[in-house]
Amino acid sequence: MHKRTVNYGVALLVLLAFVGTTAFRVSIPAIAFYAREVLSASAFSVGLLTSMFFAARAVASVLAGFLSGRAGKFLLSLIITTSFIINGFIVLLYGLVESIVWLLAVRLCQGFLNGIAWVLVQYVLGISVSENIRGRIYAVYFALGSLGSVLGNFIYSLISRQELTLSLIVSSTMYVLSGIIALVAVRTLSIKSEIKRTHSNLSFKDVERASTYGFMASAILLLLIVLGISAFSSIVRGDLIYIYLSESFSLSKSYVAELVGITGLGSLIGAYLISWLSDKCGNVLALRVSSLLGALGSILLNVRLGGAAITGLLLFYIASSSVMPVSRRAAITEFKLSGLILGVVNAVGNLGSVAGSAIAGYLYDLLGVHSTEPPLYAMATLPLMAFAASILLKERRE
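In this text the structure is predicted, and so the values were computed from the model without any measurement.

### Some remarks on the overall build of the chain
Step number 1: Summing up its helical and strand segments, the chain has 14 helices and zero strands in all.
Step number 2: For the chain, the N- to C-terminal ordering of α and β elements is α-α-α-α-α-α-α-α-α-α-α-α-α-α.
Step number 3: The buried share among the 398 residues of the chain stands at 52%.
Step number 4: Contacts spanning at least 24 positions in sequence make up 82% of the contacts within the chain whose residues lie at least 6 apart.
Step number 5: Here the chain has roughly 18,100 Å² of accessible surface; of this, 68% comes from carbon and sulfur atoms.

### Digging into the side chain of Gln110
Step number 1: The residue Gln110 is located in helix α4 (residues 100-128) in this model.
Step number 2: For Gln110, a relative accessible area of 0% gives the class buried.
Step number 3: Sequence-distant contacts of Gln110, defined by excluding residues within four places in its chain, comprise Phe24, Ser27, Phe53, Asn87, Ile90, Val91, Tyr94 and Tyr175.

### Some details on a nonpolar patch on the surface
Step number 1: A cluster of nonpolar side chains, contributed by Tyr8, Leu177, Ile180, Leu183 and Val184, occupies part of the molecular surface with about 430 Å² of accessible area.
Step number 2: Looking at which element gives the most residues to the nonpolar patch, the answer is helix α6 (residues 164-188), with four residues.
Step number 3: Along the polypeptide, Tyr8 turns up in helix α1 (residues 2-38).

### A look at the packing of helix α3 (residues 73-90) against α4
Step number 1: Two numbers describe how α3 lies on α4: the axes approach to 9 Å, and their chain directions differ by 150°. When the axis of α3 is compared with that of α4, the two are roughly antiparallel. Every pair of crossing elements has a handedness; the one defined by α3 and α4 is left-handed. Here α3 contributes Leu76, Ile79, Ile80, Ser83, Phe84, Ile86, Asn87 and Ile90 to the contact with α4, which in turn contributes Val106, Cys109, Gln110, Leu113, Asn114, Ile116, Ala117, Trp118, Leu120, Val121, Tyr123 and Val124.

### Brief notes about the pattern of salt bridges
Step number 1: All told, the structure shown has three salt bridges when counted by the stated rule.
Step number 2: Between Arg36 and Glu247 there is a salt bridge, and its shortest N-O distance comes to 2.8 Å. Of the two residues, Arg36 sits in helix α1 while Glu247 sits in helix α9 (residues 240-249), which places them 211 residues apart along the sequence.
Step number 3: Under the relative-accessibility criterion, Glu247 is labelled partly exposed at 25%.
Step number 4: In this structure, Arg107 engages Asp239 in a salt bridge whose closest nitrogen and oxygen atoms are separated by 2.9 Å. With Arg107 in helix α4 and Asp239 in the loop between α8 (213-236) and α9, the pair connects residues that are 132 residues apart, well separated along the chain.

### What to know about helix α14 (residues 381-392)
Step number 1: Taking 1.5 Å of rise per residue, 12 residues should cover 16 Å, and α14 covers 17 Å from first to last C-alpha, within 8% of that figure.
Step number 2: Among the residues making up α14, those that are buried are Pro383, Ala386, Ala389 and Ser390. One side of α14 carries all its buried residues, which in axial view fall inside an arc of 115°.

### Some points on the confidence of the model for the chain
Step number 1: For the chain, the average pLDDT comes to 82, and 84% of its residues sit at 70 or higher.
Step number 2: Confidence, read as mean pLDDT per element, is least for helix α7 (residues 204-210) in the chain (47) and greatest for α6 (93).
Step number 3: Across residues 193-210, confidence stays below pLDDT 50; counting only partners more than four residues off in sequence or on other chains, it has 14 contacts.

### Things to note about the packing of aromatic side chains
The geometry of an aromatic ring pair comes down to the distance between the two centres and the angle between the two planes.
Step number 1: According to the stated counting rule, one finds nine aromatic pairs in the structure shown.
Step number 2: An angle of 80° between the planes, with centres 5.1 Å apart, marks the rings of Phe84 and Trp118 as edge-to-face. A residue pair is termed long-range when its members are at least 10 positions apart, and Phe84 in helix α3 and Trp118 in helix α4 qualify at 34 residues. This pair shows no difference in class: Phe84 is buried, exactly as Trp118 is.
Step number 3: Ring centres of Tyr244 and Tyr364 lie 6.4 Å apart, and the angle between their planes is 75°; on these two criteria the pair is classed as edge-to-face.

### Let's talk about the nonpolar core
Step number 1: Judged by nonpolar contacts, the single largest core of 103 residues is most densely connected at Phe84 and Leu245.
Step number 2: Setting aside chain neighbours within four positions, we find Leu245 in contact with Ser250, Leu251, Val256, Leu259, Val260 and Leu313.

Cut-offs applied
- One numbering rule holds for all chains: residues counted from 1, following each sequence as written.
- Totals for whole chains, interfaces and linings use all residues, but because this is a predicted model, local features are given only for residues with pLDDT of at least 70 and pairs of side-chain atoms are given and counted only at 80 or more.
- Side-chain metrics rest on all non-hydrogen atoms present in the structure, leaving aside hydrogens and water.
- Numbering of helices and strands starts at the N terminus; helices are DSSP runs of H or I of at least 4 residues and strands are runs of E of at least 2.
- Three labels apply to residues, based on accessible area from a 1.4 Å probe with only protein chains included: buried if under 20% of the type maximum, exposed if over 50%, partly exposed otherwise in between.
- Contact between two residues is taken to exist if any of their heavy atoms lie within 4.5 Å; hydrogens are not considered.
- The Shrake-Rupley method, run with a 1.4 Å probe sphere, supplies the accessible areas, and residue values consider only the shown protein chains as cover.
- A patch consists of residues whose relative accessible area exceeds 30% and which take part in no salt bridge; residues with like charges are grouped when within 9 Å of each other, and nonpolar side chains (Val, Leu, Ile, Met, Phe, Trp, Tyr) when within 5 Å.
- The term salt bridge refers to a pairing of a side-chain nitrogen on Lys or Arg with a carboxyl oxygen on Asp or Glu at a separation within 4 Å.
- To obtain an axis, a line is fitted to C-alpha atoms, over the contacting stretch when the element is a helix, and the angle between two such axes runs from 0 to 180 degrees between their N-to-C directions.
- For this classification, under 35 degrees means roughly parallel, over 145 means roughly antiparallel, 65 to 115 means roughly perpendicular, and everything else is oblique.
- Handedness of a crossing is defined here by the sense of rotation of the near helix relative to the far one, left-handed for an anticlockwise turn of less than a right angle and right-handed for a clockwise turn.
- A helix's residues, less one, multiplied by 1.5 Å, set its expected span.
- By arc we mean the arc of the directions from the helix axis to the C-beta atoms, nothing more.
- Values of pLDDT, ranging from 0 to 100, describe the predictor's confidence in every residue of the model.
- Two aromatic rings, drawn from Phe, Tyr or Trp (for Trp, its six-membered ring), form a pair once their centres lie within 6.5 Å of each other, and the interplanar angle then sorts them: stacked below 30 degrees, edge-to-face above 60, tilted otherwise.
- Here the nonpolar core consists of buried residues drawn from Ala, Val, Leu, Ile, Met, Phe, Trp, Tyr and Cys, with membership extended through side-chain atoms lying within 4.5 Å.

Here you go:
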């Protein structure tokens, strides 16, 4: 009976990834178009919507990490549930504000609540399953989250002709539903202990080896790969991509949302193949292939042909879905870098996400959508930098 209860709680947390991500993605294109068309926001301001979200999420994630090992089941369920339900009310505020400044303030609040909720959900999920199946459970969890993103875009495409309020109500309802699912899931699970923290037994020789030029070079190259891909990823996975596709190719709002949803669905298959490549042929090769796809995708997105842009979007979605997990795995298993590098990888990823969207928005305003030089052309140098770093990265054999 206890095992069945645990499985039920874990299944609910995995379902939560799907429902909660759908709630978020329904509102993203709606708010992007509202900011651009109704509030006449600049592309820089639209880009800042994504930057604000990632900045707040990064801060909240640190706080959630601090709370995770110290809060009991009651407090965890209270924080997670409250975060989702408050998010459900916060998202309704988008329809009430009439300036981009307040729109950014609402997005900042959303990012903070998302950062708190999702880190704690992933923590609870991790300590609720045995170590031998934890990786598979997380894989299913993130896959359903990606499917939720696809569904959110498709839902918006169906209601894009309606008032903004309808999109916000759908998003709000799903956030409240997420809060209910989280409450039931966490209260169902038996949370008695946290993941055991392993204490480092590194010898002086290990520390000396890790500080040598080769290992430092590996760390720097990994960080350059993460920075290049995450910076461009904040554009294609954020608010700005909807505006760029709509204005550059004269596409309707519903068609843009469908396009983003379809390419996102296709990227799941590509990301799985990259994961398989990582298992069979090594992390370094997987990083090179991912970075190459990212570089090609960023270039094709700047080509003023619909087919090329769609292909570019698909290729970059595959790259962005693959680089972060493979780079983390490579840091630990391939190069034996310290656990600290994982924190640095996350920090650099957040930095790239915060800066990338804002810079792209500024360039979009500067160059204009009808200029001879595509507005995202300069940003394509970042994935190219990531690919160059992946070529320089060498497999390390013990």
